[in-house]
Amino acid sequence: MSKTKQRSFIVGTLLFYGILSGLIVFVISKSGVYPRGEETLYYLYRGDFFLQQIKQGNLFPLWDANWYNGMDVRSYSPLMGYVLAVCQFLAGGNLWNGYLVFVVTLFLCGGICWLVIGCKRNRPWMGALLGVLWFFMPTNLYTVFEQGNLSYGICAALLPLVIWGIHQFLEKNRWKFLLQALIIYLLILMFHVGYGVVLAGSLGLYLLIYHFANRKTKAPGIVFLGILSTLLVMGGWVFSLWKEQGQAPDIIGLFQEQMQSYWITINPLLRLQEGYTHTYFGIAVFVFIIFGIFMAKKSTMLWLWTGLVVSIVMPGFLGIPLAFVLYGFMEWKSLKKPFVAVAFLLMVLDVVPSAKLLYGEFNGATPQDRLSEIEKTTLIKEAKEITEQRLTFIDGGSLGTEAAYLISSGENGIKEVAGVGGEKFAVYRNVEQLNQAAQDGNYLYLFDRCIEMGSDSVLIGLDQIYGENEDIGALDGAANRLGYGVVASNQKYRLYHKNTPESFGVSSKYEAIGIGTSAPMISLSFPMVEETDDTNLNHYTYEELSQYRQIYLAGFTYTDRESAEQLIKKLSENGVRVVILADGIPVDGNSGLQTFLGVTCQKITFSYGYPELDTTKGIIRSDLFPEGHSKWNTVYLKGLTDIWGTATVLDKQLAFYGTGQNKNLIYVGLNLTYHYALTKDKSIGLLLSEAIQLSGDSIPQRDLVPLRISQSGNQITIRSRNDGVNTTLAYQNLFAGGEGIYKKNNLTYVNAGETVIKIRPEYGIQGFGISGIGLILWICFFSWIKKKEKAGKEESNG
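The rules we used
Within every chain, residues take consecutive numbers counted from 1 along the sequence as written. Selection of residues for local features in this predicted model requires a pLDDT of at least 70, selection of side-chain atom pairs for listing and counting requires 80 or more, and totals for whole chains, interfaces and linings are taken over all residues. Remark: hydrogens and water are excluded; side-chain values derive from all non-hydrogen atoms of the structure. Site definitions follow a grid-based scheme: protein atoms alone, a 1 Å grid, a 1.4 Å probe that fits but cannot get out for cavities, and for pockets an open set with protein on both sides within 12 Å along at least five of seven lines, plus lining residues having an atom within 4 Å of a point. Grid points are joined across faces, edges and corners, and a volume is the space filled by probe spheres set on the points. Here a strand is any run of E in DSSP of at least two residues, a helix any run of H or I of at least four, and the numbering for each starts at the N terminus. Each residue gets one of three labels, nonpolar for Ala, Val, Leu, Ile, Met, Phe, Trp, Tyr, Cys and Pro, charged for Asp, Glu, Lys and Arg, and polar for the others, Gly among them. For this analysis, a ring pair means two rings from Phe, Tyr or Trp (six-membered ring only for Trp) whose centres lie within 6.5 Å, classed as stacked if their planes differ by under 30 degrees, edge-to-face if by over 60, and tilted for the remaining angles. Accessibility here uses a 1.4 Å probe with only protein chains present; expressed as a share of the type maximum, an area under 20% marks a residue as buried, one over 50% as exposed, and anything in between as partly exposed. Along the arc lie the directions from the helix axis toward the C-beta atoms. A contact between two residues is defined here by any heavy atoms of the two lying within 4.5 Å. Salt bridges, as used here, are contacts in which a Lys or Arg side-chain nitrogen is within 4 Å of a carboxyl oxygen on Asp or Glu.

1. Quick look at the layout of surface pockets
Argument step 1. Of the volumes computed, that of the second largest pocket is approximately 1,100 Å³.
Argument step 2. Along its surface, the second largest pocket is lined by 44 residues, and N66, S408, G410, G413 and I414 are the ones closest to its centre.
Argument step 3. Where the lining of the second largest pocket is concerned, the elements lending two or more residues are α2 (40-55), β1 (63-64), α4 (95-120), α20 (367-377), α22 (401-408), β21 (708-711) and β23 (725-730).
Argument step 4. Its residues placed into classes, the lining of the second largest pocket shows 15 nonpolar, 20 polar and nine charged.

And the structure:
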């Protein structure tokens, strides 16, 4: 095709793309289910938040007060908030139209990428057709319109150019192709770091296969070094998030979570039988891979082999192997036109069952209509009208992002305890405890901790409570005791409200404290036990812990066993009762034994249930172990001073309950607290009450303290008249307030007076340092490649 004809072809194709994108937007807007996707509203909420912050002059938003008692809004997709903000801006500020602008952008990006590749490879028609097909491929539709992962969607749209640039460098050894590929790869990393890491692994596999197939080391080695240096450029951002949010992208965990049978991955009928419940690669694509492995030339075959392996290993990222396969299709120039036509036809047919993700019910219902109906039936509308400070919504996540969006978005949006995004947020464990309390029937704990979290309103889905509708009386009773009254209800939901100051913090006094990973479990049944967020005994002082009447240790840790033992011994000798769940005693690094203050654990396994337990409360015949726990791995105890409980096993009396070096050191084995949490066995509950010497009806003393809290950009100002006040804001490592603020149970505490909290990345300097080193290496890397290429040309010319 001549250049003139090619230009005309490109213009015509772009016009066709524009018309088709308009048709796509029309279909989606009439679908009655848009914006569809599990995470879509989360992304749109972030985009709207970024847009409003930018309008206020805050170009780098870091903190949002609405979700999770205040959350760090940075994520492993740093550019997405800005991209969606731009789309919403282009749509005149309308959120829903902004989403449609994003969909158009997604379609055009993918289409233009394939069109460019087709023209560069002198196959413009194939590039134009793949550009259309790419958007509609089942795995891409599933990612964007079922999972709602808009970050992955934009990464997939840009991916073809990365593949093309790398392949061109390998074949032609021109540095500019690699530079173009790695610049786009850097953009992909900025759209989602996790996706970029998986792409790096996939490209690494291709380079390895390329190395063995062609017996070339230099070119694939250079490409791999380029990928690593690009990863390092983003390393500063990842390092900062990892340090401040306490976790790196869990790529391995993501693989394990998304692993599935390969038959599911390529089974075209599952979409018709079960709906869109699994990722789908495409039977047509799989058939093409098998055909190509036997019939294609080597340059195509390498992409097909890589695509096959990656699709098996990483079903959660099927867009990556799909791009490999379609690029191999592009490179298979010897494939006869009838076979090309059949391949396209099969792929189009494979798209049809997934098309419903676009057109939905096609009833014309708007997002406002759909969300308004949900708002009414769930009592969210009433909750927003009466809430002064914050709402706790207990629904077990059944409404997904829709509930979180409805509660916090728009001009009448309010703050809420939960949100979307889960584990990375500071108070995620606190929120999980509230959900667990509702399911277990621990309603005193539920409403008491709602006060701790600053909620004057509590909305509960009745299908989430223990016993469902039969337990409403107990639910109302616990609410009334904590000062909450029923203000609205229907068959599925119940709304409670407590009269409070408009903005308030909480001063609390507990009689007991729990330390360790399993300690929160006991707090559910005994609300008087305060939770902590630090499991290490060496981080606590005698002065701090001696303020409590009791200490509960379950799953605790230490860095220095001797000093930890001295601390607990001193506390117990001075009248503090210490209850130690023996199953959670750490293994000593020297002896390899679970031992603490002279008491040693011995492992034992029970099947289906405990034997008879001879205790100070008499003989206990406990409930059987619940379903899924028929094998009960636990410990009994040696070294107790006074034995208060034994289990008879093979005519031997095995101690599991008693005192240690003094009467205030109480040890409990057999993992009884976990058994009680699962079964609610009253006899076990009485035994634990004796050990802990607390009643499940006891609640901490709480006083509401009026606060004045204001935010300006990335700064929060808090005014309190009391010391030691829980502001009910989630504590962030972003907070810089000197000695004026401190953290307890993931919440932020302040003293009397005015406290100014500056929100800034604590590890910004180190992060910039890592990225700076990566950028320098990146520049040096390309300078070296360019010189090598120039030297090679001069040598060949000479």
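On we go from here.
2. Focus: the packing of aromatic side chains
Argument step 1. Under the criterion given, the structure shown has 43 aromatic pairs.
Argument step 2. Seen from their ring centres, F50 and Y82 are 4.9 Å apart, and the 80° between their planes marks the pair as edge-to-face. One end of the pair, F50, is in helix α2; the other, Y82, is in helix α3 (residues 80-90), with 32 residues separating them in the sequence.
Argument step 3. Classification of Y82 by relative accessible area gives partly exposed; the value is 25%.
Argument step 4. Centre to centre, the rings of Y558 and F596 are 6.4 Å apart; their planes meet at 25°, and the pair counts as stacked. Note that Y558 is positioned in the loop between β10 (550-553) and α28 (561-573) and F596 in strand β12 (residues 595-596), a separation of 38 residues in sequence.

3. Focus on empty space enclosed by the protein
Any empty space left between the atoms is revealed when a probe the size of a water molecule rolls over them.
Argument step 1. Per the stated rule, a full pass over the model turns up seven cavities of 30 Å³ or more.
Argument step 2. In this structure, the largest cavity occupies an estimated 190 Å³ of space.
Argument step 3. Lining of the largest cavity is provided by 20 residues; of these, N140, T143, Y152, G153 and A156 occupy positions nearest its centre.
Argument step 4. Only α5 (124-136), α6 (138-145) and α7 (150-172) provide two or more residues apiece to the lining of the largest cavity.
Argument step 5. Take the lining of the largest cavity: its biggest share by element is five residues, from α6.
Argument step 6. Taken together, the residues of the lining of the largest cavity sort by class into 12 nonpolar, eight polar and no charged.

4. Some remarks on α3
Argument step 1. Of all the residues in α3, the buried ones are M80, G81, L84, A85, C87 and Q88. Buried positions in α3, seen along its axis, are confined to an arc of 160° and lie on one side of it. The exposed set on the far side of α3, more than 90 degrees from its buried face, consists of F89 and L90.
Argument step 2. Lining the buried residues of α3 we find α2, α4, α7 and α8 (175-191).
Argument step 3. Once α3 finishes, G92 follows within two positions and takes phi at roughly 75°, a positive value.

5. Quick notes on the pattern of salt bridges
Argument step 1. Summed over the entire model, instances satisfying the criterion amount to 17 salt bridges.
Argument step 2. Its salt-bridge partner being E565, residue R561 comes within 3.1 Å of it at the nearest N-O pair. Of this pair, R561 and E565 both sit in helix α28, separated by four residues, roughly a single helical turn.
Argument step 3. You can call R561 partly exposed: its relative accessible area is 24%.
Argument step 4. The class for E565 is buried, based on a relative accessible area of 14%.
Argument step 5. Connected via shared salt-bridge partners are D448, R449, E452, E531 and R702.

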